[in-house]
Structure formats: structure tokens, C-alpha cells
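Listed below are the residues making up each chain.
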Protein chains: 2
Amino acid sequence: MSVLYDHVAFVGLGLIAGSMSLAMRKHGLAGQTVGTARTAQTRQTAREIGLCDRVVDSAAEAVAGADLVVLAVPVGAMGAVAREIAPHLKPGATVTDVGSVKRAVIGAVAPHMPETVHFIPGHPLAGTEHTGPRAGFAELFENRFCLLVPLEGTDRAALQGLRALWEAMGSTVETMDPDHHDLVLAVTSHAPHLIAYTMVGVADDLRRVTDSEVIKYSAAGFRDFTRIAASDPVMWRDVFLNNRDATLEILGRFTEELFALQRAIRTGDGELLHAYFTRTRAIRRGIIEAGQDTAAPDFGRSAKR
Amino acid sequence: MSVLYDHVAFVGLGLIAGSMSLAMRKHGLAGQTVGTARTAQTRQTAREIGLCDRVVDSAAEAVAGADLVVLAVPVGAMGAVAREIAPHLKPGATVTDVGSVKRAVIGAVAPHMPETVHFIPGHPLAGTEHTGPRAGFAELFENRFCLLVPLEGTDRAALQGLRALWEAMGSTVETMDPDHHDLVLAVTSHAPHLIAYTMVGVADDLRRVTDSEVIKYSAAGFRDFTRIAASDPVMWRDVFLNNRDATLEILGRFTEELFALQRAIRTGDGELLHAYFTRTRAIRRGIIEAGQDTAAPDFGRSAKR
């Protein structure tokens, strides 16, 4: 493919930025990539493994002259980074982010952006439970959605350029407004993560079942929760604090439904349980048909895989 | 390997019995396998794909002359099957089951068992979200635990024989008492399943987010829930109705913890959230070290896999 941005800057060098850098290199999408990270250790690791063409010590230095700036720090750090880089941004540059929450990021970043740059919030729906500069891989975004959340009056050419970049990295791009984005993600990602964290915490607390038993016998169901609950603590703390209302709304609904099912168990209402479980099964089929997962049996993932 | 049982009978021909039959054939563990199922359609399918050496029309016929009888029906059907087969069991035979709940199965099955047979409850911790005679595969039990729950006074040779069978199919066998089994499974499997069912149900109910959005954007977190929530509705209805007390106890603990985390989100207590998420991450590491899963990034499972 052809170069889409001459100079790309990453602020933050974790799983997402690292994967973007590797994907751009693989597909020849950037003239040069420059990255920076808050800690000296992350910068050192990124240099060692050649994650970007250059790794520099400050965000100001990284963004100087960049045509595309990618903010890839935890949601709670976006505002400070935006303020820091603002004076150094090249006129005409596109600034995007990869945060899991959009309304709060827009509120934190947009006020700092000069009129001369195009700020286009984004969110690739891709990730693993691993973090840090060594976690990235070029194929992370393939067959995944990337949601772009353009503000009113966004420059069409700038939007088209960013869309082309994500498509070139293998993603399907859709646009969405920020509040709807935050609600959809509360349902599909934020509430499930909190629930998984909670269940894993309960298991750990239960004195009559040892952690080693929980770990040994986690084949069915629980293991998928632990995978989710192993995600980056800082990132997720910031997600919940910054998508508070939507997450709490979904959790309220969840608790209500859970109480109804608990009551059915207590009263022995097998019909209600059976009907509920039959309905949820259909949603799974929809996901497989939508190509977001395979039908391969996966609960029994072999330790060898 | 060598033949461990001359004649093995399966009552029920779903995922577990089918996988056992295929594993026994693969490793040469049974002289002959005979199976039966409640519905003519399941029996017909099992015949077509040669799941057992013989498929017969009644449980009584299947168990006649069998050295090992495997009860592989939903937990709620165990009692009726036990009553039906009891007069036809061969003296000296071993009868086992594969139910996910043990105290209730023992209560339903043991009273029907003649003194002349060895009833040894069991539970292989293996499965997928698929069901039925076509779902089985010989490798399902490899690197998985199988819990045996012998009653007081169980014949040591019979127990040793059943243990050898599970080990030959690739499992690690441990013994446990029934109440502890039911509590451990409530934590590691039953409560997580109910929670996943609930979350998927909430998503389906929410009118402002369409099912198609839920399905499209389910990359992160939610997809693992849908996988769990696609499990067999009859099996799971019976699990909850038959492991009621332990499941409700764990769900009570879960709700309590969830409320504490919701409160932290509402009040903006980032320290509490961060500490909680850091603790749960350690459990995941324990599971990987215990060899029950791999560290390979799996959230971003490619649709091609």
C-alpha cells in the first residue's frame, strides 16, 4: 500500500499504539513513526524492540512536525497530554485518540486543540488482556471494528484520511456520536468487564474454596472471566470513572435481571430459567453469523494451544 | 492402551457421552460401546455418524451386560434414568454419571442402585457451548480435570478402574466430597454462567442499543459472555435448580461486591477500583501458571481462527 501520513507520532506506547506502529510498518502506511511514553522504562523497551522508527523523551518532541498524532494513554491522562502537546502541533495535522470512552475524552482534549488541527476521536474495538510495549502485534486490528466519533464540522478530507488508515490496518470503520458510543460500549464492554472483575474478586475472597482450587478447576466459565479481569487496571479504572453514567445505568439493569433469575432459582421456576437461557443462546448465533467469532468449541481450550 | 471395560453403556448421547465414546475408541479402552438417547432423532444421528458401536432404543437394553454404565443426561433426569435401568444392571458393574452437580445427583440416583453395583459419581470439567451427538470429539478431556466423588465405602478396585479410564482419556483425576464439589463449582462455573446469561439478557433487552449493534461491537468482553450464555438451556436450568443453595450463596456475595464497586464508580474512588483490578489480575496469572490456559492474546480472536 502507499504512505498515508508522512510522519506519525504516538503519545503512549502500550498495546494499541505498539500494534498501530507495527501495522503501519507492515503495510507501509507511514513515512516515519515517532513515539514517546511517560516512563523511561517503556521508552527503553520500545527502543530495544524497534517499536517505532524513533523513540523520543517528550510528547512535545514526538508531535513536532507530525501529520498524524495518536493519543494512546489511559483516558484519565488525555487532558494533560492534550495541554502539553497543543503548542507543538503542526498546522493541518490530524489528532486522534484510541480511548474506550468518547464523551469524557472529547471534554478533556477538544478545549486544548488549536483551530488549525483536526481532532477526530477514535476507538478501535480490539485488544488483549496484555499490556505494555511488548504486547503489540501488527494483526491486532484485522477484522475488528474501529469507531470514529467526528465532532460537528469535522473536515471531510481529514476524516477520510483517518478512515483510510484504519481500513488499511484491516479494520472496518464506522462513525457514531459520542453518547451513543459510550452507551454501546457500556453494554458490550464496560459492564461485562466490571462484572468479570467482581466475580473473580468474589472467588478470591471465599475462604472455603482456596485460590488454588479456583485456579485448578476453572475450566468451565470462570476462566473466561479471569481473562477479562486480567486487563490493565489503570485503563479500566479510567474507563469506569469516565463513563460513569452509562456504566451505572447498565449495571442497574443487570442487577435487576439478576435478582429475577435468583428468585427463579430460589422458587424453583425452571420454565423461566429455560426460556431465559434459550433467548440468550440466539444472540450468540447472531455474533457467529456476523463473523465476530467462530463456532469452534473454545471452552475446552487446550493448554497446548 | 488396553481395554479397561469390555462393555460400556451410555445413557444420553450429547457432547460428553459422545466425546467419551470417541475417546475410548481412539485409545482402545472399551471392548464395545453401546448408547441410547431419549429422542429418536438423537439416536438416528448417533447411528449415522457411528458415535458408538451400537445404538439401541432403550436404556434398559443399553445397560444390559455392561461393565460400565455412564449416565450422561441432564441432572434433573438422573433419578428417572436410575430407576429405569436399576433392574437391568449387571452385578459387579460400575455406574457413574457426568453431572455438574453432585449432592443432588447422589440423592436422586443412589437410592435406586442395587447393592451389587458400584455407583461412583463423577464430573469431567470439560465442555464447549455446543450440544448434541455431533458436538463430541475425542480430545475434549485432554488436560482437563475429572472430579470423582466416591461415596463412603466405595470399592477401591472399582474406583481405581474408573480413575484409570479418565486418565487414559487424558484427564487429571481428583476426588472430592459432594458438598465441597458443589461449592467449588458454584464459584468456578455455576455463578459465572448465570451472570453471563444475565448480562446477555440485559443487552438484548436494551432498546436504545440494537441487537445488531451488540453483535457487531462485541469484540471486547461481551463476546466471552455470549459464548458462555450459549450453553445448553436444559442442562443449565437443571444445574441451578439442583445446586440452589451454593449458587445463591455465591450470587449473594457477588451482588454485595458489585454494589461496592458501583459505589466506588459513583463516588469516583479510583484507588479502590485500581486496587481491586490489580488483585484480580494476579488470579489470572495463577491460572496460566497452573497450565489451564495459555497466555496467548485471545480477546482479539480472529474470525478466521
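Provided above is the structure to which this section pertains.
Residues numbered from 1 in each chain as written. Chains lettered and ligands numbered in written order. Predicted model: local features only at pLDDT ≥ 70, side-chain atom pairs only at ≥ 80, totals over all residues.

**Re the pairing of strand β5 (residues 94–97) of chain A**
All names here are of chain A.
In step 1: Burial along β5 is two-sided: the face carrying Thr 94 and Thr 96 and the face carrying Val 95 and Asp 97 are both buried.
In step 2: As judged from the 4 bridges shared by strand β4 (residues 68–71) and β5, these two strands associate in the parallel manner. What sits directly across from Val 69, in β5, is Val 95.
In step 3: Taken together, β4, helix α4 (residues 78–85) and β5 form a β-α-β motif whose crossover is right-handed. (Buried ≥ 20, exposed ≤ 12 C-beta atoms within 10 Å, placed from the backbone. Helix = DSSP H or I, 4+ residues; strand = E, 2+ residues; numbered from the N terminus. Pairing = 2+ DSSP bridges. Right-handed = clockwise from strand over helix to strand, strands pointing away.)

**A word on the relation of the copies chain A and chain B**
In this structure, two copies of a chain are linked by a rotation about an axis accompanied by a shift along it.
In step 1: Note on the identical chains: chain A maps onto chain B by a rotation of 180° and an axial translation of 0.0 Å, with an RMSD of 0.0 Å. Accordingly, the operation relating the two chain copies is best matched by a two-fold axis. Residue Asp224(A) of chain A places its C-alpha closer to the rotation axis than any other residue of that unit, at 3.2 Å.
In step 2: Interface overlap between copies: 100% of the residues of chain A at the interface are likewise at the interface in chain B, consistent with a symmetric, same-surface contact. (Least-squares fit on C-alpha atoms with pLDDT ≥ 70 in both. Contact = placed C-beta atoms within 7 Å.)

**Quick word on the interface of chain A and chain B**
In step 1: Contacts between chain A and chain B engage 98 residues on the former and 98 residues on the latter.
In step 2: At 18 residues, helix α7 (residues 178–205) of chain A tops the list of elements feeding residues into the side of chain A that touches chain B.
In step 3: Residues of the side of chain A that touches chain B, tallied by class, amount to 49 nonpolar, 26 polar and 23 charged. (Nonpolar A, V, L, I, M, F, W, Y, C, P; charged D, E, K, R; others polar.)

**Some remarks on α4(A)**
Residues and elements named next belong to chain A.
In step 1: Turning to α4, its buried residues number three or more, namely Met 78, Val 81, Ala 82 and Ile 85. Seen from one end, α4 has its buried residues packed into an arc of 100°, which puts them on one side.
In step 2: On its buried face, α4 sits against β1 (5–11), α3 (59–63), β4, β5 and α5 (103–109). (Arc of directions from axis to C-beta.)

**Describing the sheet that holds strand β8 (residues 145–148) of chain A**
All names here are of chain A.
In step 1: Here 3 strands make up an open sheet; going across it, the order is β7-β8-β9 and the pairing mixed. Bordering the open sheet on either side are β7 (122–124) and β9 (172–175), each of which pairs with just one other strand. On average, each strand axis in the sheet is inclined to that of its neighbour by 20°, with strand direction left out of account.
In step 2: Of the strand pairs in this sheet, β8 and β9 are connected by 4 bridges, and their pairing is parallel. Bridge assignment links Phe 145 to a residue of β9, and that residue is Thr 172.
In step 3: On the sheet, helix α6 (residues 156–168) packs against β7, β8 and β9 and is oriented at approximately 165° with respect to β8. (Axes fitted to C-alpha atoms, helices over the stretch in contact; angles between N-to-C directions.)

**Digging into the packing of α7(A) against helix α11 (residues 244–267) of chain B**
In step 1: Running from N to C, α7(A) and α11(B) cross one another at 125°; their axes reach a closest spacing of 9 Å. The angle between α7(A) and α11(B) falls in the class oblique. As α7(A) runs across α11(B), the sense of the crossing is right-handed. Within the contact between the two elements, α7(A) uses Leu194(A), Thr198(A), Met199(A), Gly201(A) and Val202(A) and α11(B) uses Ile250(B), Arg253(B), Phe254(B), Glu257(B), Leu258(B) and Leu261(B). (Parallel < 35°, antiparallel > 145°, perpendicular 65-115°, else oblique. Left-handed = near helix turned anticlockwise from the far one by under 90°.)

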